[in-house]
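Letter by letter, the chains look like this.
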Amino acid sequence: MAGGEKSVKALREVWKRAENSLCADCGKPDPDWASSTLGVFICLSCSGIHRNIPSISKVKSLKMDHWDDAQVQFLAKHGNAVTKATYEAHIPIYYYQPTYNDCQVLREQWIRAKYERKEFTEPGKQLPYTDGVKEGILWKRGRDNGQFLPRKFLLSEREGCLKYFTKQDSKEPKISVKIDVINATFQPAKIGNPNGLQITYLKDNKTRNIFVYHKSGKEVVDWFNAIRSVQFHYLKVAFPIASDNEIKSRLTRNFLKEGYMEKTGPKQREAFKKRWFTLDHRRLMYFKDPLDAFAKGEVFVGSSENGYSVQKGLPAGTQGNFSWHYGLTIVTPDREYLFTCETEADQLGWIAAFTSVINQAMTPQEYASKCLDDVSFPS
């Protein structure tokens, strides 16, 4: 805390300003650190990233460290609003701005992009993800052998697709995917690499997973934002009357929830088996292994007005053997799906995720998707 009583009072007054009530970098409430060189109020986690760029930012605790009068005056003159007006002045609409729930590489590259590389201080600045084309090497996990090997990837706005090649001099791509069916989400824990990225797309109306990483955090985040950039411009042409914010909401998305549950088959008498589940909005998928290329089964999760609901517990008289005892039931117009969770916290988390989907009205596109995608979990 500041030295004299007057400085302590002044620091508290600046700290209490509404603009400084959230971390300037990730939005976490009640930040209790600040940068004495940038003038922003930040959380403990973001302060650790700032500490790794000492030539740009000097961080101190607002509770435990000494702040002299000049430093307090600097904070008072700047603060989150003034500093953001400089360093976040020209962020592309499609650029992903991470929150405190996002992984380390996204938050670190966001902070470095702002303060170290000053990517958003000038209008029209040429950036690695704004060219409409990106080509380079990503380490891709083999679908069958599980090994990560270098593969050439090519993203093209003109062609509206993402391709990858098994060899750098290959003329024909192994896979070419239209940009409007692609999703990308960071998965460092699941992939086992801090820069791990999961790319998914629909193939024959089934979800195909590709797992990649790059040794450089900056490079993998540039790929992520390049995908969003190409998607944005593609959708601007496809939906010319849609607003920028409407289009932004249709870019890459994080999964609503992932994790292990036990499931039984359609007869509800089979033994429950432990599987990895992913809820991607209205698609609930399960996998034998979290890094499987294809789901073993998928089910559409509709809305309450169409007869879908989630219930805590299992139906009375459920016969299948299960080792986890926190059950939940998904009710659809066609059948009930039974699951068990290891802990009550897992159970409540899944129920909350399903409820958030079921409470949303279905769009015309989702009705069409359901007609194409009426598949059930096999036993």
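A quick note: this is a predicted structure, and the numbers were derived from the prediction, not measured. (Residues numbered from 1 in each chain as written. Predicted model: local features only at pLDDT ≥ 70, side-chain atom pairs only at ≥ 80, totals over all residues. Heavy atoms only, no water.)

Visitor: So what exactly am I meant to see when it comes to the overall build of the protein here?
Guide: A tally of helices and strands in the protein yields 10 helices and 17 strands. For the protein, the C-alpha atoms occupy an extent of roughly 75 × 55 × 45 Å along the three principal directions. Considering only contacts within the protein whose residues lie at least 6 apart along the sequence, 54% involve residues at least 24 apart. Accessible surface for the protein amounts to roughly 18400 Å². Of this, 50% is attributable to carbon and sulfur atoms. Taken as two groups, the 55 positive and 44 negative side-chain charges of the protein have centres that lie 3 Å from each other. (Helix = DSSP H or I, 4+ residues; strand = E, 2+ residues; numbered from the N terminus. Contact = heavy atoms within 4.5 Å. Areas by Shrake-Rupley, 256 points an atom, 1.4 Å probe, with all protein chains shown as cover. Lys, Arg positive; Asp, Glu negative; His and termini not counted. Charge placed at Lys NZ, Arg CZ, Asp CG, Glu CD.)

Visitor: Just to check I follow, could you spell out unusual backbone geometry for this structure?
Guide: If a residue is not glycine, its phi is most likely negative; likewise, a peptide bond is most likely trans. The phi torsion at Lys118 lies on the positive side, around 50°, for a residue other than glycine. Take Lys118: it is sitting in the loop between helix H5 (104–116) and strand E4 (133–141). Take Lys118: its relative accessible area is 35%, and that puts it in the partly exposed class. (Buried < 20%, exposed > 50% of the residue type's maximum accessible area, 1.4 Å probe, protein only.)

Visitor: Please clarify how helix H2 (residues 44–51) should be interpreted in this entry.
Guide: Because each turn of an α-helix spans 3.6 residues, side chains separated by three or four positions end up pointing in the same direction. Cys46, Ser47, Ile49 and His50 are the residues of H2 that are buried. For H2, the angular spread of the buried residues around the axis is 155°, confining them to a single face. Looking at the buried positions of H2, the neighbouring elements they touch are strand E1 (33–35), strand E2 (41–42), strand E3 (59–61) and H5. (Arc of directions from axis to C-beta.)

Visitor: Hey, could you run me through the packing of aromatic side chains in this one?
Guide: Aromatic ring pairs: the centre-centre distance and the angle between the two ring planes describe each pair. Tallied over the full model, the rule gives 18 aromatic pairs. Between the aromatic rings of Tyr95 and Tyr129, the centroid separation amounts to 5.4 Å while the plane-to-plane angle is 55°, which identifies the pairing as tilted. Placement of the pair is Tyr95 in the loop between helix H4 (79–87) and H5 and Tyr129 in the loop between H5 and E4, with a sequence separation of 34 residues. For the pair Tyr95 and Tyr129, a shared accessibility class is recorded, and that class is buried. Note on Tyr260 and Trp276: the rings are 5.0 Å apart at their centroids and 85° apart in plane angle, and the pair reads as edge-to-face. Of this pair, Tyr260 sits in strand E11 (residues 257–263) while Trp276 is found in strand E12 (residues 273–280), placing the two residues 16 residues apart along the sequence. (Phe/Tyr/Trp six-rings, centres within 6.5 Å; stacked < 30°, edge-to-face > 60°.)

Visitor: Hey, could you run me through the environment of Lys215 in this one?
Guide: Along the chain, Lys215 falls in the loop between strand E10 (206–213) and helix H7 (217–238). Put simply, Lys215 and Asn193 are 22 residues apart on the chain and 9.0 Å apart in space, counted from C-alpha to C-alpha. When residues no more than four places from it in sequence are discounted, the contact partners of Lys215 are Trp139 and Asn195.

Visitor: Can you help me understand the state of the cysteines in this one?
Guide: Inspection of the entire model under this criterion finds zero disulfides. Cys23 takes part in no disulfide bond, and the closest cysteine sulfur to it belongs to Cys26, at a distance of 3.7 Å. The thiol of Cys46 is not disulfide-bonded; the next cysteine sulfur, from Cys43, is found 3.8 Å away. (Disulfide = S-S within 2.5 Å.)

Visitor: Got a minute to help me understand the nonpolar core in this structure?
Guide: Nonpolar side chains tend toward joint burial in soluble globular proteins. By size, the foremost hydrophobic cluster in this structure holds 55 residues, and its most contacted members are Ile42, Leu155, Ile182, Phe186, Leu197 and Ile199. The greatest single-element share of this core, amounting to nine residues, is contributed by H7. A domain split of this core shows at least three residues from each of domain 1 (1–116) and domain 2 (133–249). Beyond its immediate sequence surroundings of up to four residues, Leu197 is in contact with Ala184, Thr185, Phe186, Ile191, Ile210, Phe211, Val212, Val220 and Phe224. Of all hydrophobic cores here, the second largest spans 22 residues; its members include Val299, Tyr308, Cys341 and Ala353. (Core = buried A, V, L, I, M, F, W, Y, C linked by side-chain atoms within 4.5 Å. Domains from an automatic or database assignment.)

Visitor: Teacher, can you tell me more about the side chain of Ser156 here?
Guide: Tracing the sequence through the fold places Ser156 in strand E5 (residues 148–156). Those residues in contact with Ser156 that sit more than four places away from it in its chain are Gly132, Cys161 and Val230.

Visitor: Just checking my understanding: could you explain the packing of H2 against H5 for this structure?
Guide: Two measures define how a pair of helices packs: the angle their axes make with one another and the distance between the axes. In contact at an axis separation of 10 Å, H2 and H5 are set at 55° when each is read in the N-to-C sense. By the angle between their axes, H2 is oblique relative to H5. Note that H2 runs across H5; the crossing there is right-handed. In contact with Ser45, Cys46, Ile49 and His50 of H2, H5 contributes Gln104, Arg107, Glu108, Ile111 and Tyr115. (Axes fitted to C-alpha atoms, helices over the stretch in contact; angles between N-to-C directions. Parallel < 35°, antiparallel > 145°, perpendicular 65-115°, else oblique. Left-handed = near helix turned anticlockwise from the far one by under 90°.)

Visitor: What is the right way to look at the UniProt feature "domain: Arf-GAP" (unreviewed entry) in the protein in this model?
Guide: In this numbering, the UniProt entry assigns the feature "domain: Arf-GAP" (unreviewed entry) to residues 5–128. End-to-end, the C-alpha atoms of residues 5–128 are 49 Å apart, and along that stretch the chain is 40% helix and 6% strand. (UniProt positions renumbered as here; feature names shortened; annotations may be inferred.)

Visitor: I would appreciate a short explanation of the domain arrangement of the protein in the present structure.
Guide: Interface extent is often summarised as the accessible area lost during association of the parts. Domain boundaries in the protein define domain 1 (1–116), domain 2 (133–249) and domain 3 (257–376). Relative to domain 3, the C-alpha centre of domain 2 lies at a distance of 27 Å. Contacts between domain 2 and domain 3 engage 13 residues on the former and 15 residues on the latter. Overall, the association of domain 2 and domain 3 removes approximately 1300 Å² of surface from exposure, summing both partners, and the carbon and sulfur fraction of that is 49%. Sorting the residues of domain 2 by area buried against domain 3 places Lys190, Asn205 and Thr207 first, and these three jointly supply 44% of that buried surface. Taken together, the connections running from domain 2 to domain 3 amount to one salt bridge. Between Lys190 and Glu258 there is a salt bridge, with the nearest N and O atoms lying 2.7 Å from each other. Here domain 2 and domain 3 share six residue pairs in polar contact (both at pLDDT 80 or more) between them. For the side of domain 2 that touches domain 3, the elements supplying multiple residues, two or more each, are helix H6 (188–191), strand E9 (197–203) and E10. Sorting elements by how many residues they give to the side of domain 2 that touches domain 3 places E10 first, with five residues. Across the side of domain 2 that touches domain 3, the residue classes break down as three nonpolar, four polar and six charged. (Buried area = accessible area lost by both parts, 1.4 Å probe. Salt bridge = Lys/Arg side-chain N within 4 Å of Asp/Glu carboxyl O. Polar contact = N/O pair within 3.5 Å; in protein donor to acceptor, adjacent residues only side chain to side chain. Nonpolar A, V, L, I, M, F, W, Y, C, P; charged D, E, K, R; others polar.)

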